[in-house]
Amino acid sequence: MTVLSLLSYEFFQNALLAGVLASIACGIIGTIVIIRRMVAISGGISHAAFGGIGMGYFLGIEPLLGALGFTIGAALTMGELEQRAEQHMDTLIGAVWATGMAIGILFIYLTPGFAPDLFGYLFGNILLVPQGDLLLMLVLVAVIVITVGLLFNDLVAVTFDQEYATVINLPVERLMLALLVLIALTVVMLIQVVGIILVIALLTLPAAISRECTAQVKTMMLYAVLFGIAFTTAGIFISAFLNIPSGATIILVSAAAYGIVLAKKQFE
Amino acid sequence: MAAEPVIEVENLWLKKNNQVILEGINLRVMPGDVYAILGPNGGGKTTLLKVILGLITPDRGTVRILGGPPRERRHLIGYVPQLRTFDFSYPISVREMVLSGLLGRKAGLLKTFTDADTALADKALATMGIAHLANRAIRDLSGGEQQRAVIARALVGDPQVLLLDEPTVFVDASTETRFYDILENLTRSMTIVLVTHDIGVIASHVTKVACLNRRLYTHESRELTEDMVKEAYICPVDIIAHGQPHRVLRPHPPEE
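Residues numbered from 1 in each chain as written. Chains lettered and ligands numbered in written order. Predicted model: local features only at pLDDT ≥ 70, side-chain atom pairs only at ≥ 80, totals over all residues.

Enquirer: What should I look at first to understand the overall build of chain B in this one?
Expert: Counting its secondary structure elements, chain B contains 7 helices and 9 strands. Of all 256 residues assigned to chain B, the portion counted as buried reaches 40%. The long-range share in chain B, meaning contacts at least 24 apart out of those at least 6 apart in sequence, stands at 68%. (Helix = DSSP H or I, 4+ residues; strand = E, 2+ residues; numbered from the N terminus. Buried ≥ 20, exposed ≤ 12 C-beta atoms within 10 Å, placed from the backbone. Contact = placed C-beta atoms within 7 Å.)

Enquirer: Would you mind showing me how to read the overall build of chain A here?
Expert: Per the secondary structure count, chain A includes 12 helices and 0 strands. In terms of overall size, chain A behaves like a compact globule, its C-alpha atoms giving a radius of gyration of 18 Å where 268 residues would be expected to give roughly 18 Å. A principal-axis box enclosing the C-alpha atoms of chain A has dimensions of 60 × 55 × 35 Å. Buried residues in chain A amount to 50% of all 268 residues. In chain A, the proportion of contacts linking residues at least 24 apart, taken out of those at least 6 apart, comes to 74%. (Rg over C-alpha atoms; globule rule 2.2 N^0.38 Å.)

Enquirer: Help me understand the pairing of strand β2 (residues 19-29) of chain B in this model?
Expert: Residue and element names in this part refer to chain B. Summarising the sheet, strand β1 (residues 7-16) and β2 pair through 7 bridges and their orientation is antiparallel. Bridged to Leu-14 within β2 is Leu-22. What sits between the antiparallel neighbours β1 and β2 is a turn of 2 residues, in which Asn-17 has the positive phi angle 50°. (Pairing = 2+ DSSP bridges.)

Enquirer: Explain the environment of A:Val3 here, please?
Expert: All names here are of chain A. With respect to the helices, strands and loops of the structure, Val-3 is situated in helix α1 (residues 3-7). For Val-3, a count of 10 C-beta atoms within 10 Å corresponds to the exposed category. A sequence separation of 97 residues divides Val-3 from Gly-100, and the C-alpha atoms of the two residues are 40 Å apart.

Enquirer: Explain the interface of chain B and chain A here, please?
Expert: By a frequent convention, interface size equals the accessible area lost on bringing the separate parts together. Contacts between the two partners involve 20 residues from chain B, matched on the other side by 21 residues from chain A. A breakdown of the residues in the side of chain B that touches chain A according to their chemical character gives 12 nonpolar, 5 polar and 3 charged. (Nonpolar A, V, L, I, M, F, W, Y, C, P; charged D, E, K, R; others polar.)

Enquirer: What exactly am I supposed to notice about unusual backbone geometry here?
Expert: Working note: non-glycine residues mostly have negative phi, and peptide bonds are mostly trans. Residues and elements named next belong to chain B. You will see that Asn-11, though not glycine, has its phi angle at about 40°, which is positive. Considering the arrangement of structural elements, one finds Asn-11 in strand β1. Asn-11 gets classed as exposed once you count the C-beta atoms within 10 Å, which come to 12.

Enquirer: Any chance you could explain the nonpolar core here in plain terms?
Expert: For soluble globular proteins, nonpolar side chains are generally found buried alongside one another. Counting 151 residues, the largest nonpolar core has A:Ala25, A:Ile183, A:Val188, A:Leu190 and A:Leu202 as its most contacted members. At 14 residues, the largest contribution of residues to this core is made by helix α9 (residues 172-194) of chain A. When residues are assigned to domains, this core turns out to be shared by domain 1 (1-77 + 199-214 + 224-256) and domain 2 (87-158) of chain B, each giving three or more. Setting aside residues no more than four positions away along its own chain, A:Ala25 makes contact with A:Leu140, A:Val141, A:Ile144, A:Thr186 and A:Met189. (Core = buried A, V, L, I, M, F, W, Y, C linked by C-beta atoms within 7 Å. Domains from an automatic or database assignment.)

Enquirer: What's the story with helix α2 (residues 10-35) of chain A in this structure? I'm lost.
Expert: In an α-helix, one full turn covers 3.6 residues, which means residues spaced three or four apart are oriented alike. All names here are of chain A. Here α2 contains 26 residues, and its C-alpha end-to-end distance of 37 Å stays within 8% of the 38 Å for a straight helix at 1.5 Å per residue. Where α2 bends most, at Ile-29, the angle is about 25°. After α2 finishes, the residue Arg-37 shows a positive phi value of roughly 55°. (Expected span 1.5 Å × (residues − 1). Bend = angle between axes of the 7 residues up to and from the residue.)

Enquirer: How do you make sense of the environment of A:Gly124 when you look at a structure like this?
Expert: Residue and element names in this part refer to chain A. Examined against the element boundaries, Gly-124 turns out to sit in the loop between α6 (118-123) and α7 (131-160). With 121 residues separating them along the chain, Gly-124 and Pro-245 place their C-alpha atoms 8.3 Å apart. Those residues within four positions of Gly-124 in sequence are excluded, and the remaining contacts are Gln-192, Val-193, Val-194, Gly-195, Leu-198, Ser-246 and Gly-247.

Enquirer: I would appreciate a short explanation of the confidence of the model for chain B in the present structure.
Expert: Note: predicted coordinates in regions of low pLDDT should not be interpreted at a detailed level. Per-residue pLDDT for chain B averages 82, and the proportion of residues at 70 or more is 79%. Residue range residues 234-256 of chain B is modelled with pLDDT below 50. Its contacts to residues more than four positions away, or to other chains, number 27 contacts. (pLDDT = per-residue confidence, 0-100.)

Enquirer: Any chance you could explain the sheet that holds β1(B) here in plain terms?
Expert: The strands making up a sheet associate through backbone hydrogen bonding, with each pair oriented either parallel or antiparallel. All names here are of chain B. The strand order β2-β1-β4 describes an open sheet built from 3 strands, whose pairing is antiparallel. Every interior strand has two partners, whereas the edge strands, β2 and β4 (60-65), have only one. Taken over all neighbouring pairs, the strand axes of this sheet differ in orientation by 20° on average, direction set aside. As judged from the 5 bridges shared by β1 and β4, these two strands associate in the antiparallel manner. Looking at β4, one finds that Ile-7 is bridged to Ile-65. (Axes fitted to C-alpha atoms, helices over the stretch in contact; angles between N-to-C directions.)

Enquirer: Explain the confidence of the model for chain A to me, please; I cannot follow it from the model alone.
Expert: Considering every residue of chain A, the mean pLDDT works out to 93; 100% of them sit at 70 or more. Across chain A, helix α11 (residues 217-242) of chain A holds the top mean pLDDT of 96, while α1(A) sits lowest at 82.

Enquirer: Please explain the packing of helix α3 (residues 39-59) of chain A against helix α5 (residues 89-110) of chain A as it appears in this structure.
Expert: To characterise two packed helices, one gives the angle between the axes of the helices and the distance between these axes. Residue and element names in this part refer to chain A. Interaxial distance between α3 and α5 falls to 7 Å at its minimum, and their mutual angle equals 20°. Accordingly, the angle class assigned to the pair α3 and α5 is roughly parallel. Crossing hand, α3 versus α5: left-handed. (Parallel < 35°, antiparallel > 145°, perpendicular 65-115°, else oblique. Left-handed = near helix turned anticlockwise from the far one by under 90°.)

This is the structure we're talking about:
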């Protein structure tokens, strides 16, 4: 199997395109997740997605659409509860994380028959991305890029110093909820690529590496997108050649790169 | 004609977990005042500033900023929070951070910064004596430089009053004098409320002093009586004395 013969398959082209789209989203949103320290929240949101996937199976609708509903619901619930119920975000993350998974398990148990791609949703299978999912990913990327582009300065202000943003009367509450929804959208895109369980790795590793390279949010986003594209592409090729799971391979490539960057930093 | 107070606090009470944090606070800051609020750690100083800014709702009493409610008027205040609340590892340049102080006055979805905004930011940085650091990342600055950058962010919007929370905690000894010179320059042109646990900060340019330890012991001059300080701190401390131009503190006893 050569590189050229791989590239001639439509499924392989789709996989590479899905990797690029996911990398754009996770580079931009992952950067904010890293600098605002929202990795755990993102983990909660991604695991809540499992509830939506289960519901999708149960109702016979597209599971990713169910995941979209559940991630946005989980994001807004955590944001609202933190502001209104005076609960620690830590606690809310734990609750939402497990509740989402539990709902998913129940729905799948209640669904007659066999849930065919369940494993794919949990661990990702980028080599099987259907054309329709690519379209959904394209729409989500457009929404993320446009929203972040419009709100960029506000988002930087509110993630850098939320209290000061409140004092100068920025709409802090709405901005934070918008940010949580953007994370939810990104998570849904990444499910197809690496699966629910591995989402936070792809969301954080490219941005964490690019943080070591620059002290500017915009540059950090750009580098994170490029790193993400490099890791997903490399991971897809390696997994195709060695016939091993693609999601896990992408994560391990990213983690290896992160390890190298950290080691290099130690020896400098 | 009597001028309107910049900040007016009337009979303010705040409880948290059944504990009284602020008790019957009355405070009136007039234009041109350089008002120092002293008090021990945990005395409620930062909390009082947050109530003034409308970040915390009091149980009783009113706060007015230039005659209006805090949430409508707080953008006229230049707020300088405590440095220890910052995440200075955030990837942002000094100029970008100062520019963010202008976001509140921009309307609409897409808020971009104009050349005029950049000029305002650079002017604020020059006032604080750190114009040369504009393009540096804040994480590469010293504590004293970071403090000045945060004050520049408060100054950029041309506020009516500057609210400083513990502005000297992270100022390194080598730049301390210069820092006080800059503060002193600011006191000539603006109204300032300064909160600190370090009464050594009080220099000759302070016009009013109060002590806060749950209750506010005010004094309509820069004179501070020993009783006020004792009451506020519970234990006796150095007090501020008249007649000395720069440090209005009683000298420490010579070291043994």
